[in-house]
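One letter stands for each residue in the lines below.
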Amino acid sequence: MAANRLFSLNGESALVTGGGTGIGAAISRLFLHMGAQVTIASRRESKLEAFRNSVPQHASCLHAVPGDVAVDSERIVATAVAAMGSISILVNNASTSVGKPMRDMTGAEWQTVYTTNLEAAFRLCQSALPSLEANRGCILHISSASAVAGDYDDAAYVSSKSGLEGFSRHLAVELAADGVRSNVIRPGLINTEAFADYPDAFFESQIPLIPLGRLGSPEDVAYAALYLCSREAAFVTGAVLTVDGGETRI
């Protein structure tokens, strides 16, 4: 196998939710660089435009869909298929949290997190399935180390990410006969916009807990995504790839 062929995404069509910022933007940027068509979806149109402006060299291969996965999943998929002709890679990256202790969380807040983080993944997968089956494609879910560590965030977020991992394991079995793979990336502390307002003391307390001695970057997750979504990972399904510098060691 020629080395310059490794991890090429030429001919692939990827839908990345939450694709305008952070981990989603890093995945989208790398996928474009590796030859894929990419549709990014975000509820914030300003982030879509900023991302588009950051990759002018890939303008012909990039499509953007404004929309909230909590309510617009079917439309987002339909728009992506119309723009690219098909979807061979689905990256379920969009998520939310409320950042409250369980004792202070309302039922409505719990449901909002579950709708965005788990129910939307179901709706996206179901809507994209005909195209994924036709392409013998793959689904990648972005979970969190908190799904197993139980910390970092609120109860609804942790629970929904645990559910997302179980959903992925089931899809790996259910969809295998159709040639569709389903995998998970479980990031640890990744230096994204989500942590922009955190005090320095937070990072000073967390970095000593990470054996590799630093926060992760969005690009660390993107390269893991590139492997799992490439044809070189054709025999990998039902997997969880932890990208956390060794912090959880699970």
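These numbers were taken from a predicted model, which means no experiment stands behind them. (Residues numbered from 1 in each chain as written. Predicted model: local features only at pLDDT ≥ 70, side-chain atom pairs only at ≥ 80, totals over all residues. Heavy atoms only, no water.)

Caption draft 1: Main features of the nonpolar core. Core analysis: the largest hydrophobic core is formed by 32 residues, its most contacted members being I27, F31, V38, I89, V91, L140 and I185. Residue assignment for this core shows that the elements contributing at least two residues are β1 (13–17), α1 (22–33), β2 (37–42), α2 (45–54), β4 (89–92), β5 (138–142) and α8 (218–229). If we skip the residues at most four places from it in the chain, I185 touches L140, H141, I142, S143, V221, A224, A225, L228, L241 and V243. Residues L132, I139, F167 and V180 belong to the second largest nonpolar core, which totals 25 residues. (Core = buried A, V, L, I, M, F, W, Y, C linked by side-chain atoms within 4.5 Å. Buried < 20%, exposed > 50% of the residue type's maximum accessible area, 1.4 Å probe, protein only. Helix = DSSP H or I, 4+ residues; strand = E, 2+ residues; numbered from the N terminus. Contact = heavy atoms within 4.5 Å.)

Caption draft 2: Just the packing of helix α4 (residues 107–135) against helix α6 (residues 155–174), in detail. Across the interface, α4 lies against α6 with an axial gap of 8 Å and an inter-helix angle of 15°. Considering the angle they form, α4 stands roughly parallel to α6. Between α4 and α6 lies a crossing of right-handed hand. Along its contact with α4, which presents W110, V113, Y114, N117, L118, A121, F122 and C125, the element α6 presents A155, A156, Y157, S159, S160, K161, G163, L164, F167 and L171. Taken together, the residues of the contact of α4 with α6 break down into 13 nonpolar, four polar and one charged. (Axes fitted to C-alpha atoms, helices over the stretch in contact; angles between N-to-C directions. Parallel < 35°, antiparallel > 145°, perpendicular 65-115°, else oblique. Left-handed = near helix turned anticlockwise from the far one by under 90°. Nonpolar A, V, L, I, M, F, W, Y, C, P; charged D, E, K, R; others polar.)

Caption draft 3: Highlighting the sheet that holds β5. Taken in spatial order, the seven strands line up as β3-β2-β1-β4-β5-β6-β7 in an open sheet, and their pairing is parallel. In this open sheet, the two edge strands, each paired with only one partner strand, are β3 (62–66) and β7 (240–243). Shown here is a sheet whose adjacent strand axes are inclined to one another by a mean of 15°, direction ignored. With five bridges joining them, β2 and β3 adopt parallel strand pairing. Bridging across to β3, I40 finds its partner in A64. Set on the sheet, helix α3 (residues 69–84) makes contact with β1, β2 and β3; between it and β1 the angle comes to about 160°. The strands touched by α8 are β4, β5, β6 (181–187) and β7; relative to β6, the strand with the most contacts, the crossing angle is about 165°. (Pairing = 2+ DSSP bridges.)

Caption draft 4: Spatial organisation of empty space enclosed by the protein. With the rule as written, the count across this model stands at one cavity of 30 Å³ or more. As for the largest cavity, its lining consists of 13 residues, of which N92, A94, T116, N117 and A121 are closest to the centre. Taken together, the elements giving at least two residues each to the lining of the largest cavity come down to α4 and α6. Top element by residues in the lining of the largest cavity is α4. It accounts for five residues. (1 Å grid on protein atoms, 1.4 Å probe; cavity = no way out; pocket = protein on both sides within 12 Å on 5 of 7 lines; lining within 4 Å. Points joined across faces, edges and corners; volume = space filled by probe spheres on them.)

Caption draft 5: View of the pattern of salt bridges. Taken as a whole, this structure holds eight salt bridges when the rule is applied. A salt bridge links E49 to R52; its shortest N-O distance comes to 3.9 Å. Within this pair, E49 and its partner R52 are both found in helix α2, separated by three residues, close to a single helical turn. According to the relative accessible area criterion, E49 is partly exposed, its value standing at 40%. (Salt bridge = Lys/Arg side-chain N within 4 Å of Asp/Glu carboxyl O.)

Caption draft 6: Focus on unusual backbone geometry. Notably, F7 is not glycine yet its phi reads approximately 65°, a positive angle. One can find F7 in the segment before β1. Looking at F7, the relative accessible area reads 29%, which means it is partly exposed. In the Ramachandran plot, R136 falls in the positive-phi region, its phi being about 50° despite a non-glycine side chain. Counting through the fold element by element, R136 comes out in the loop between α4 and β5.

Caption draft 7: Region of the structure containing the side chain of T21. As for its placement among the helices and strands, T21 is situated in the loop between β1 and α1. When neighbours within four sequence positions are excluded, T21 is seen to be in contact with R44, K47 and E193.

Caption draft 8: Looking closely at the state of the cysteines. A full pass over the atoms with the stated rule returns zero disulfides. C229 supplies the cysteine sulfur nearest to C138, a cysteine that is in no disulfide, at a spacing of 3.9 Å. By relative accessible area, C138 is classed as buried at 3%. (Disulfide = S-S within 2.5 Å.)

Caption draft 9: Examining the packing of α1 against α8 more closely. Between α1 and α8, the least distance of the axes is 8 Å, while the angle of their chain directions is 50°. The angle between α1 and α8 falls in the class oblique. Taken as a pair, α1 and α8 cross one another with a handedness that is right-handed. Taking contact as the criterion, the partners of G22, I23, A26, I27, L30 and F31 in α1 are, on α8, P218, E219, V221, A222, Y223, A225, L226 and C229. A breakdown of the residues in the contact of α1 with α8 according to their chemical character gives twelve nonpolar, one polar and one charged.

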